[in-house]
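# Report on the structure
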Amino acid sequence: MEEIDLCGVSVVSFFAGTAFSVPISNLSDILSATSETYVIVGAYEHIHFQKSNDLVHIYTVPYQSGASIIRQAFRYSMLQLKIIIRLFSLRKKFWSVVFFMESPPLLPITAAKIFNNNVYWLLPSKISLLSEDIPSKLTTILSEICYNLCNGIILYSPSLVPYWNLEPYRHKILIAHEHFLDFKIFTVTTPLPDRPLLIGYIGRLSEEKGVQHFAQALPAILGYRQGLRVLIGGDGQLKETIAISLQEEGLTPCVDLPGWISHDDLPNYLNQLRLLILPSYTEGLPNIMLEAMACGTPVLATPVGAIPDVIIDGKTGFIMENNTSECIAKNVIRVLNSPDLEQIAEDGRRFVEEHFTFEKTAENWKRILQRNR
């Protein structure tokens, strides 16, 4: 390991759930390659973080949402206050603060600026783009204030600048991600031709992921080829709705709903799939896409977020025009009929092995955090 920079870095994230533990752990490990790293997390639940070394220090702030709007606002304010207090108590230990979250962290960012820290906002995705309601408009206003306060806005891809309406802040845009894979774990254990005739989705069962449209496409997909089976792995607010719709369509015998799949179990599941479908409305750079490709599993996805930087249709994976049920069904059939499916899966695997190593990711972050020193 290189000589440690005694002026460390802090990572702040809230509200974090179990699904976000891997990205936070990855980012912490990357930053700790050259700096002492202090992680402050406001969490809905107990989260287990995998620490690769003793240079990562984790501080968890428990959080529970209230039943009423007033109680929610009070508890949210208290959460931010506790995070600010923690930032203040640790302020002499780090130079930079990376806020890793979707929602605008206005109060903690303001406090970090007062504490004379360099402040960065790493945006994993922008769910607020889905709606034009009052909360989304308020989120947009708060986000713009945070953009102006930040020293840098960190995105997964330059293509997200116009997509997320960040053109006025282009001078602050930096490109980095926390994605790296252990290629001893995420690897091909079952060759694609030896896998069962199984396709699927793995991820959060929520509207922005478009999984409801995948479920609606299943009658056409399952009617295409006899013996085809489907996996829908994950948990979320749409789980019950999807289960009911499958039962009503008489598809329950053909579809497996295992619930949440742990990160340790992912390689085994991915090595059973012939195709992973990601019909998202919005994304940053989905981990599951990279993990599937490393396991030799072809991916069919919508061209959102940084996905087109990784998947080139017919070369490293497959892109569908949109996430309507008709479009999903048409493209699943197209992929399953592709004579080059094995080669495309192999080229996708080689792509992630070349571009998503720990060393490349850590070096990029080191350049970013040292630019304002």
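Further up the page is the structure itself.
Read on for an overview of the structure.

What counts and how
Residues numbered from 1 in each chain as written. Predicted model: local features only at pLDDT ≥ 70, side-chain atom pairs only at ≥ 80, totals over all residues. Heavy atoms only, no water. Phe/Tyr/Trp six-rings, centres within 6.5 Å; stacked < 30°, edge-to-face > 60°. Helix = DSSP H or I, 4+ residues; strand = E, 2+ residues; numbered from the N terminus. Buried < 20%, exposed > 50% of the residue type's maximum accessible area, 1.4 Å probe, protein only. Lys NZ or Arg CZ within 6 Å of the ring centre and 35° of its normal. Contact = heavy atoms within 4.5 Å. Salt bridge = Lys/Arg side-chain N within 4 Å of Asp/Glu carboxyl O.

Here we come to the packing of aromatic side chains. The tally for this structure, following the rule as stated, stands at 6 aromatic pairs. Considering the side-chain rings of phenylalanine 180 and phenylalanine 358, the 5.0 Å spacing of their centres and the 90 degrees angle between planes classify their relative orientation as edge-to-face. Here the residue phenylalanine 180 occupies a position in the loop between β7 (173–175) and β8 (198–202), and phenylalanine 358 occupies one in helix α13 (residues 358–370), the gap between them amounting to 178 residues. A relative accessible area of 25% places phenylalanine 358 in the partly exposed class. The structure contains a cluster of three or more aromatic residues connected by ring pairs, namely Trp121, Tyr147 and Tyr169. The ring of phenylalanine 88 has arginine 91 lying over it, and the distance from NZ or CZ to the ring centre is 3.9 Å.

Take serine 143: it is sitting in helix α4 (residues 134–149). We classify serine 143 as buried; its relative accessible area is 2%. Excluding residues within four positions of it along the chain, serine 143 makes contact with Pro104, Trp121 and Lys126.

In this section: the pattern of salt bridges. Counted by the stated rule, this structure contains 8 salt bridges. A salt bridge links aspartate 313 to arginine 334; its shortest N-O distance comes to 3.0 Å. Of this pair, aspartate 313 sits in the loop between α10 (307–310) and β13 (318–319) while arginine 334 sits in helix α11 (residues 325–336), and the two are 21 residues apart along the sequence. On the basis of relative accessible area, aspartate 313 is assigned to the partly exposed category, the value being 36%. Several salt bridges converge on common partners, so that one network encompasses Glu346, Arg349, Arg350 and Glu353.

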